[in-house]
Amino acid sequence: MKVALIKVSEKNAFKEYKKYMAAPPQSIFSVAACTPEEIEFELVDETVDMKINYRTKADIIALFFSTDSAPRAYEIAQKFKEKGKTVVFGGLHPSFMPEEAIKYGDAVMIGEQEGIWEELIRDYQNGNLKRFYERSEPFDLNEMKPFPEKVIKKGVKIYGYWNIIVSRGCNLGVHFAPFRGFSKVKYDTGLLNT
């Protein structure tokens, strides 16, 4: 069995910022790290201009994306669905908008993917894929497996930095007030300006 893990990235100023920062996306790398050893996987990160292989032999196409890239992700999903592929979603936007995302795919992972990704694969293999997979409690980062560096082609510098993950989110129930003083946000330079 094979899976394709794709970080979708719409061409915009935010993509250029992420590309400039040159750190691997946690979404596809953390899922790759927890993929069972017997499952082959390929990684595609559109943020650094990797191209999607629409002829992939992958059984499952997993698309990870933020809100700015949702339209592109749904377009990609449609192309794979037309080829008879099973499409699943993960990342920020599908976690916040699972009812929207499920309209374009076969399953949605809500929240942190560790633990539910493995369950999704087992369910797929057993022919009983559910529509939604959601963690009931936060993932213990002490259990996190190392990101699979071996999938990056040797001699090709894609990422300028490697991630050090010390926490995810806030467990203190902090609620953030709207930004004050940002009455007009411009996105034309790639930086937020007032």
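Below is a summary of the structure that appears in this document.

Calculation rules
- Residues numbered from 1 in each chain as written.
- Predicted model: local features only at pLDDT ≥ 70, side-chain atom pairs only at ≥ 80, totals over all residues.
- Heavy atoms only, no water.
- Helix = DSSP H or I, 4+ residues; strand = E, 2+ residues; numbered from the N terminus.
- Buried < 20%, exposed > 50% of the residue type's maximum accessible area, 1.4 Å probe, protein only.
- Contact = heavy atoms within 4.5 Å.
- Areas by Shrake-Rupley, 256 points an atom, 1.4 Å probe, with all protein chains shown as cover.
- Pairing = 2+ DSSP bridges.
- Axes fitted to C-alpha atoms, helices over the stretch in contact; angles between N-to-C directions.
- Salt bridge = Lys/Arg side-chain N within 4 Å of Asp/Glu carboxyl O.
- Expected span 1.5 Å × (residues − 1).
- Arc of directions from axis to C-beta.
- Phe/Tyr/Trp six-rings, centres within 6.5 Å; stacked < 30°, edge-to-face > 60°.

**Description of the overall build of the protein**
Turning to step 1, where the next piece is worked out: Counting its secondary structure elements, the protein contains 6 helices and 6 strands.
Turning to step 2, where the next piece is worked out: Taken from N to C terminus, the helices and strands of the protein fall in the order β-α-α-β-β-α-β-α-α-β-α-β.
Turning to step 3, where the next piece is worked out: By the burial criterion, 42% of the 194 residues in the protein qualify as buried.
Turning to step 4, where the next piece is worked out: Of the contacts made within the protein by residues no fewer than 6 positions apart, 67% connect residues no fewer than 24 positions apart.
Turning to step 5, where the next piece is worked out: When the accessible area of the protein is evaluated, it comes to approximately 12,100 Å², of which 52% is carbon and sulfur surface.

**Considerations on the sheet that holds strand β4 (residues 86-90)**
Turning to step 1, where the next piece is worked out: Spatially, 6 strands are ordered β2-β1-β3-β4-β5-β6 in an open sheet, and the strand pairing comes out parallel. Each edge of the open sheet carries a strand with a single partner, namely β2 (40-45) and β6 (132-134). Between one strand and the next, the sheet's axes are offset by a mean angle of 20 degrees, whatever the strand orientation.
Turning to step 2, where the next piece is worked out: Across the face of the sheet, helix α3 (residues 70-82) comes into contact with β1 (2-7), β3 (60-64) and β4 while running at roughly 160 degrees to β4.

**Observations regarding the environment of Trp 117**
Turning to step 1, where the next piece is worked out: As for its position among the elements, Trp 117 is in helix α6 (residues 116-125).
Turning to step 2, where the next piece is worked out: Accessibility expressed as a relative area gives 0% for Trp 117, which makes it buried.
Turning to step 3, where the next piece is worked out: Beyond its immediate chain neighbours, meaning those up to four positions away, Trp 117 contacts Val 3, Leu 5, Val 31, Cys 34, Thr 35, Ile 60, Ala 62, Val 88 and Met 109.

**Side note on the environment of Ala 73**
Turning to step 1, where the next piece is worked out: Positionally, Ala 73 belongs in helix α3.
Turning to step 2, where the next piece is worked out: Residue Ala 73 is classed as buried on the basis of its relative accessible area of 0%.
Turning to step 3, where the next piece is worked out: The sequence separation of Ala 73 and Ile 6 amounts to 67 residues, and the corresponding C-alpha distance is 9.4 Å.
Turning to step 4, where the next piece is worked out: If we skip the residues at most four places from it in the chain, Ala 73 touches Val 8, Leu 63, Phe 65 and Phe 89.

**Remarks on the pattern of salt bridges**
Turning to step 1, where the next piece is worked out: Scanning the model with the defined rule gives 8 salt bridges in all.
Turning to step 2, where the next piece is worked out: Glu 40 is paired through a salt bridge with Lys 2; the nearest N and O atoms lie 3.9 Å apart. Of this pair, Glu 40 sits in strand β2 while Lys 2 sits in strand β1, placing them 38 residues apart in sequence.
Turning to step 3, where the next piece is worked out: On the accessibility criterion, Glu 40 (47% relative accessible area) is partly exposed.
Turning to step 4, where the next piece is worked out: Since its relative accessible area comes to 18%, Lys 2 is described here as buried.
Turning to step 5, where the next piece is worked out: Shared partners join several salt bridges into a network, and the residues in it are Glu 46, Arg 72, Glu 75 and Lys 79.

**A closer look at α3**
Turning to step 1, where the next piece is worked out: The end-to-end C-alpha distance of α3, which contains 13 residues, comes to 18 Å, matching closely the 18 Å that a straight helix rising 1.5 Å per residue would cover.
Turning to step 2, where the next piece is worked out: Every buried residue of α3 is accounted for by Ala 70, Ala 73, Tyr 74, Ile 76, Ala 77 and Phe 80. End-on view of α3: buried residues confined to an arc of 160 degrees, all on one side of the axis. When the buried face of α3 is taken as reference, the exposed residues oriented beyond 90 degrees from it are Pro 71 and Glu 82.

**Considerations on the packing of aromatic side chains**
Turning to step 1, where the next piece is worked out: Under the defined criterion, the tally for this structure stands at 5 aromatic pairs.
Turning to step 2, where the next piece is worked out: Taking 5.5 Å as the distance between ring centres and 90 degrees as the angle between the ring planes, the aromatic pair formed by Phe 65 and Phe 89 counts as edge-to-face. Of the two residues, Phe 65 sits in the loop between β3 and α3 while Phe 89 sits in strand β4, which places them 24 residues apart along the sequence. The same class applies to Phe 65 as to Phe 89, namely buried.
Turning to step 3, where the next piece is worked out: Both rings, one in Tyr 74 and one in Phe 89, keep their centres 5.7 Å apart while their planes meet at 75 degrees; by these two values the pair is edge-to-face. Of this pair, Tyr 74 sits in helix α3 while Phe 89 is found in strand β4, placing the two residues 15 residues apart along the sequence.

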